[in-house]
Amino acid sequence: MKMKFRRREKVAIYITREQPEGWELLVFHPQSAPDSDWQIPAGTIEDAEIAKEAAVRETLEESGLSLATVQYVGEEEMRYPERMRVHYTYFYHAHIECQENRWTHCVAGDGQDCGDFFHFAWLPLERITQLERRHHIFLDRLIHRLERSQHYDCRKHG
């Protein structure tokens, strides 16, 4: 008999900024799991919501940052046999201008992280090799995209 996995559609967002030393990626540690790998904003797509909208909403809820637009990067199916689930994750990218180097944000919304505090920081993109929940899988693609557009213009690429 074939096992039936419950499908959940998710989003994950790479948020970058350009510094004189190079590209940086916005990452965080939840206060409730300080020893976890670095994470990026991510979450579940709600009913009647498209993936792009979910990426913008999740970023606002988890970081307090408001994104005007996001760019599609790729998608990945991740199976969790122990929970009989499959997560289909759409990855997006947003480039922003942000002067804050570190901050803490209380997560909003109605998800399981609501009320937790996320501690944000910017890390050099090329030094990140691992992110929680395999969210690092499109980092090489993202770096290649950023390198191809030496003077990345967020108004053009959103």
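Computed from a prediction, not measured in an experiment: that's the story for all the values here.

Reading guide: rules and limits
Residues numbered from 1 in each chain as written. Predicted model: local features only at pLDDT ≥ 70, side-chain atom pairs only at ≥ 80, totals over all residues. Heavy atoms only, no water. Helix = DSSP H or I, 4+ residues; strand = E, 2+ residues; numbered from the N terminus. Buried < 20%, exposed > 50% of the residue type's maximum accessible area, 1.4 Å probe, protein only. Polar contact = N/O pair within 3.5 Å; in protein donor to acceptor, adjacent residues only side chain to side chain. Phe/Tyr/Trp six-rings, centres within 6.5 Å; stacked < 30°, edge-to-face > 60°. UniProt positions renumbered as here; feature names shortened; annotations may be inferred.

S.K.: I tried to follow the environment of S32 on my own but got confused; where do I start?
M.R.: Structurally, the position occupied by S32 is in the loop between β2 (22–30) and β3 (42–44). According to the relative accessible area criterion, S32 is exposed, its value standing at 58%. A distance of 2.5 Å separates polar atoms of two side chains, one belonging to S32 and the other to D116.

S.K.: What am I meant to see in the packing of aromatic side chains here?
M.R.: Within a pair of aromatic rings, the relevant descriptors are the distance that separates the centres and the angle that separates the planes. Scanning all chains against the criterion turns up eight aromatic pairs. Judged by centre distance (6.5 Å) and plane angle (55°), the rings of F118 and F120 are tilted. Accessibility expressed as a relative area gives 1% for F118, which makes it buried. Every member of this aromatic cluster is reached through a ring pair, and the members are F28, W103, F118 and F120.

S.K.: Would you mind going over the UniProt feature "domain: Nudix hydrolase" (unreviewed entry) in the chain with me for this structure?
M.R.: UniProt tags residues 6–145 as "domain: Nudix hydrolase" (unreviewed entry). Structurally, residues 6–145 is divided into 14% helix and 43% strand, and its ends, taken at the C-alpha atoms, are 33 Å apart.

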